[in-house]
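What follows is each chain in one-letter form.
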Amino acid sequence: MVHGAVVGLVCFPVKSMLGQAHERLVFDERGVVGDRLWALRYEDGKLGSGKNSRRFRRTPGLLEHVAAYDDEGPVVTTPDGETLRPGDPRTAELFGAGVELARESDVSHQDAAAVSIVGTASLRALGELLGDADPVDVRRLRKNIVVETDEPWVEEEWVGREIDFGGELRLRVTERIERCVMTTQAQRGLPADNRVLKTLTATRGMCIGVYADVVTPGTLALGATVAAR
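Residues numbered from 1 in each chain as written. Predicted model: local features only at pLDDT ≥ 70, side-chain atom pairs only at ≥ 80, totals over all residues. Heavy atoms only, no water.

### Regarding the sheet that holds strand 9 (residues 73–77)
Here is step 1: Strand order in the open sheet formed by three strands is 8-9-10, and the pairing between neighbours is antiparallel. If you trace the sheet from one side to the other, it starts and ends with strand 8 (66–70) and strand 10 (83–84), each paired once.
Here is step 2: As judged from the two bridges shared by strand 9 and strand 10, these two strands associate in the antiparallel manner. Counted as the bridge partner of valine 76 is leucine 84 from strand 10. (Pairing = 2+ DSSP bridges. Helix = DSSP H or I, 4+ residues; strand = E, 2+ residues; numbered from the N terminus.)

Structure, rendered in structure tokens:
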């Protein structure tokens, strides 16, 4: 059953920072190559995030920083236009003593699964629930793949199924994604909006979009058809 085409692809090189949109992404067994491969790491091992938990430490301002890759590796652009790379002592000056930009080691930087997906109809439906004329901005939800869909929440019906993307990449959808306070926080180009999480909590069990694991690695490009098996 065909469910439309891919209309958005994003890689987030550094956990909880802004990412970079792409026309094409490569996926391996871990997920999008390079996605959340880096994170701010504190001396106690916790990772910088928009929330506090056993693994994460809330670090204000992360969503004002843009992370990307160039020929030399990951590069972070600060709100002031400065650039940081792994090993730069200014990282600790900005975020606190002992904080470093660290590559993933034996503990995954990912929250629960390799890849995140959302449908455009779900974005429109959430916008309607918020009382807005426009769909909710997908940047709040930090998804790797955006699929053009006609039916709201249809991607939730893919849980437990394999999805073919363009005839090369195949993913197995594992669960709905429970969202967190990061959806409400201000970021470059978007103001804070506490309605998002409150509305998801009241109407959708805090969930929007789905997680998936990689069954068959491959390359995915914008416009690729999406089919559930």
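### Here we look at the environment of phenylalanine 12
Here is step 1: Locating phenylalanine 12 in the fold gives a position in the loop between strand 1 (2–11) and strand 2 (20–21).
Here is step 2: Excluding residues that lie within four positions of it along the chain, phenylalanine 12 makes contacts with Met17, Leu18, Gly19, Gly34, Asp35, Arg36, Arg142, Lys143 and Asn144. (Contact = heavy atoms within 4.5 Å.)

### Details of the environment of valine 136
Here is step 1: Following the sequence through the fold, valine 136 ends up in the loop between helix 2 (120–129) and strand 13 (145–147).
Here is step 2: What makes valine 136 buried here is its relative accessible area of 7%.
Here is step 3: Not counting residues up to four positions away in its chain, the partners in contact with valine 136 are Leu123, Leu126, Gly127, Leu130 and Leu141. (Buried < 20%, exposed > 50% of the residue type's maximum accessible area, 1.4 Å probe, protein only.)

### Thoughts on helix 2
Here is step 1: For helix 2, a buried count of seven out of 10 residues is recorded, marking the element as mostly surrounded by other parts of the structure.
Here is step 2: Within the span of helix 2, buried status applies to Thr120, Ala121, Ser122, Leu123, Ala125, Leu126 and Gly127.
Here is step 3: Glycine 131 sits one or two residues past helix 2 and shows a positive phi near 85°.

### Regarding the pattern of salt bridges
Here is step 1: Per the counting criterion, the structure on display carries 16 salt bridges.
Here is step 2: In this structure, arginine 36 and aspartate 35 form a salt bridge, with 2.8 Å as the shortest nitrogen-oxygen distance. Side by side, arginine 36 and aspartate 35 carry an identical accessibility label, which is buried.
Here is step 3: One network of salt bridges, with partners in common, ties together Asp70, Glu72 and Arg85. (Salt bridge = Lys/Arg side-chain N within 4 Å of Asp/Glu carboxyl O.)

The values reported here are purely geometric and, on their own, carry no functional implication.
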